[in-house]
Each structure stands twice: as structure tokens, then as C-alpha cells.
Amino acid sequence: MIGTLSRSLRAAVAHALRPSPLAKTQVRRCAGPPTTLHRLHDSLELHYRGTRMHLDYVWLRDHCRSAASYNSQTNQRNLDTASVDLHIHPDHIRVEDDHLILTWPGGHVSKYSLSWLAENSYEGKKRSTVQPRVLWNADIYNNAHVPSSQWATFMSSDDELKKFLQNYLLYGIAFVDGVPATVEATEAVTQRVGLIRETTYGRMWCFTSDFSRGDTAYSQLALDRHTDTSYFHEPCGIQVFHCLKHEGTRGRTLLVDGFYAAEAVRLQSPQHFELLSRVPIRHEYVESTGSHQNHMIGIAPVLNIYPWNHELYLIRYNNYDRSVLNTIPHDVIRRWYAAHRELTVELRRPQNELWVKLTPGKVIFIDNWRVMHGREAFTGLRRLCGCYLSRDEVLSNARIFGLQA
């Protein structure tokens, strides 16, 4: 009983001493708009260089970068977040030298750069792009004259690797020319970019049109635009192709920027875009051929967006592998079909199709979360090799070069 009364008394005193929601601090500078600070019941409202932020006190304490709270050598948190009082508020607040300084009960001091707060606040992230991109159709891409990397330079120059990664991030596709037409050289050039992701198809795969696997890719048939491994919980991030030999005709590779088409849908029919980004559907892969026995299911919306800024970051579109539509209620299913039809129309517009003839020596890297690929039917012997790469590793390598990814 005594402990309960003491806690109640402390809470009452704390509430009485809590700053008024109307309390306001203003710090002026010689140039630029003033920084203003409003002390609210459970947070701070901070205006800094055009960004209006609401910073919860618990969030501020959790993100303290003092040595006691954060290990700057490992970039890991020392503070036990679960130990922070959910009703905590600072005893003292001040702004000086472009820093917010808070003194907490018990005397602990936290210091935050105002620019860091603006960059990392919810309001700052809502206004920013996670990964800048150039959305393209065939004319846009061709007119950009994006250069291919050359094998010899690419394998020895970090500057060339950085240019390659920048092109890949912006356009979702990138090429390396002059690669020896072998599986070993293809493996080497892919490992220059990132780690190879082993899947049910193996680590490095090499195939012809022999139907050795239960997939239409192992044929001479035309393939409509699609993303790979949509039936994985996390689809493979990067697809790599190298045509080692083709003794025949046709067989061009089709590339379509899925984000370009999806943004057209968002602009024309926001309700269709919203439906495709909200309703989960199933993709499924069932294989039973000789020693290959697989049954995989991936469930997610066709379009995946970040909830805070609505930026599109992943598209799953594969009409071959789309499973039974049993995750959509009857009063929504017809609207989903209409939305899917509109997206398909955009994806199939001839002006959105980039056709590339893959030849021995030309290796293509495709962002499988964005760019769809397909092919026209072909004749003769056609031998391809390739692999999937870990998306996390590739983006990590890009960030090490200072690229935004």
C-alpha cells in the first residue's frame, strides 16, 4: 500500500511540474528561419529548416547517442529500451549550437544534432525517398545512353564498380560486356557485385531448352514479362543472365520497368494502385520431375510500398505462378481483377518494352524486385547460365560507396 501511494504521489507531483503544452522556446540565428521548440505533454514539437517534427520523449530517450546509451564503435544500442519509463519527460530542455540538449530525471544528458533529428524524424523520412530511381520506358532508357561496364576494367576498378552500381540502382538493370563465355567467368563477375544466393535451382545454374525442370523457362517457348521467384517468401533480389551460346534465330530478351507501369496506374487510378498494394495473393511453385521435388508458396500483395512515404519498392507479377485467388473476399475480387487488368495493360504497352539480344560476353543484372523479364520464342540450341544475388549484399556494397540505396 505504501509503495502504491508513493508512486501515485510521485506521478501527481510530476504532472504538476510538467511544462505547459503551450510552453515555447525560440532560438534565432543570423541567417535562415528560426528554430522553434514547443514543449508538449508527451513530446517536443520542433521546427527546424522547414521540417516540423513531433519527437516523443520516449523516442528521444531511446535514441540517445551518449556513450552509456549507444556504442559508436559497433553502431549498436546499449540502452535497454524496455527499461525506459513510458511516461518519461525531460527536466530541462535547451537548444544551442544546432543541438538539442535534454536533461532527464536522474541527471542523464542527451545531445542531438538538429540536422540528425530532421533527417531521422518520421516527418523527415516521410518527405524523403529511400532509393532514387529513373523510371523508364524504351525511349527513356535508350535516350539515356547508359554505358555498359567492360569486363577488364570492371574486375579491377572500384570506380567502375561504383558506376555500375549507380546505374543498377537508378534503372534496375546494368550490363557488363566482354565477359568470357564460361560459367566460371560469369560466376566471377557476379561475385564482384555481391553474394550468390543459392536456391532450389542451385548456386550457378546452366540450362538449355531440354525441359529438365518443371518450368516453361526450360523450353523454346516465348515467355511473357514476369518477375522470378514470386513464390518465395522473399523473392530473389537480383537476376543474372549470360547467354553462352545460341545456334539459331530469335530469342531476344524482353525487359519492362514494372515501377514505370505501376506509377502510371497510381496516377490514373489511385484506387486500383491502393488495392494492388493492400490485398495479399498467393504465388505457388509445384515441381515433381525426377529428383526435383518442390512446393513453394509466397503470399503478398502484387505491389509493396513503404507505409510512411508510399514509395514502391517491390512488385510481384507472374501470371504463370499466380495461385488460386482465395485470399480476396467476393465483394473485392472483381475490383482486384480490374486493377490487375489495368496494370497488365500498362506492362504490355509496346513503348514500355525494351528488347535486348543477349550474346556471348554480355552479362545482364536485373533488379527482380522491379524490372520484369521475358523472351521471344527461339530456334536452335541456346545455352544460358546465371544465378541470383543477395539483394542485401548488393545494396550494402552500394552504400559503402556512398550511394543512396
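Residues numbered from 1 in each chain as written. Predicted model: local features only at pLDDT ≥ 70, side-chain atom pairs only at ≥ 80, totals over all residues. Heavy atoms only, no water.

Enquirer: Would you take a moment to explain the packing of helix α9 (residues 258–268) against helix α11 (residues 330–347) for this structure?
Expert: For any two helices packed against each other, one specifies the crossing angle of their axes together with the interaxial distance. Relative orientation of the contacting elements α9 and α11 amounts to 130 degrees, with a least axis distance of 9 Å. With respect to their mutual orientation, α9 and α11 come out oblique. Considering how the two elements wind past one another, α9 and α11 form a crossing that is right-handed. Of the residues in α11, those touching α9 at Gly258, Ala261, Ala262, Ala264, Val265 and Gln268 are Glu342, Leu343, Glu346 and Leu347. Split by residue class, the contact of α9 with α11 holds 6 nonpolar, 2 polar and 2 charged. (Axes fitted to C-alpha atoms, helices over the stretch in contact; angles between N-to-C directions. Helix = DSSP H or I, 4+ residues; strand = E, 2+ residues; numbered from the N terminus. Parallel < 35°, antiparallel > 145°, perpendicular 65-115°, else oblique. Left-handed = near helix turned anticlockwise from the far one by under 90°. Contact = heavy atoms within 4.5 Å. Nonpolar A, V, L, I, M, F, W, Y, C, P; charged D, E, K, R; others polar.)

Enquirer: Is there a simple way to explain the environment of aspartate 224 in this structure?
Expert: One can find aspartate 224 in strand β14 (residues 223–226). Residues contacting aspartate 224, with those up to four places away along its chain left out, are Tyr320, Arg348, His373 and Gly374. One polar contact links aspartate 224 to arginine 225, side chain to side chain, over a distance of 2.7 Å. Side-chain polar atoms of aspartate 224 contact the side chain of arginine 348, separated by 2.9 Å. (Polar contact = N/O pair within 3.5 Å; in protein donor to acceptor, adjacent residues only side chain to side chain.)

Enquirer: What is the right way to look at the pairing of strand β23 (residues 371–375) in this model?
Expert: Side-chain positions along a regular strand alternate between the two faces of the sheet. Among the 5 residues that make up β23, 5 are buried, leaving the element largely enclosed by the rest of the structure. Burial along β23 is two-sided: the face carrying Val371, His373 and Arg375 and the face carrying Met372 and Gly374 are both buried. By the bridge criterion, 2 bridges tie β14 to β23 in an arrangement that is antiparallel. Within β23, the residue paired with leucine 223 across the bridge is arginine 375. Where strand β16 (residues 253–257) meets β23, 5 bridges bridge the pair, whose relative direction is antiparallel. Looking at the pairing, valine 256 lines up with methionine 372 of β23. (Buried < 20%, exposed > 50% of the residue type's maximum accessible area, 1.4 Å probe, protein only. Pairing = 2+ DSSP bridges.)

Enquirer: How should the sheet that holds β23 be read in this particular structure?
Expert: Either a parallel or an antiparallel arrangement is found when strands of a sheet pair, and the pairing is made through backbone hydrogen bonds. In space, the 4 strands of this open sheet follow the order β14-β23-β16-β21, with antiparallel pairing throughout. Of all the strands in the sheet, the pair left with one neighbour each is β14 and β21 (354–356). Geometrically, the sheet is characterised by an average inter-axis angle of 20 degrees between neighbouring strands, direction not taken into account. In this fold α9 packs onto β16 and β23, with an angle of close to 40 degrees to the strand it touches most, β16.

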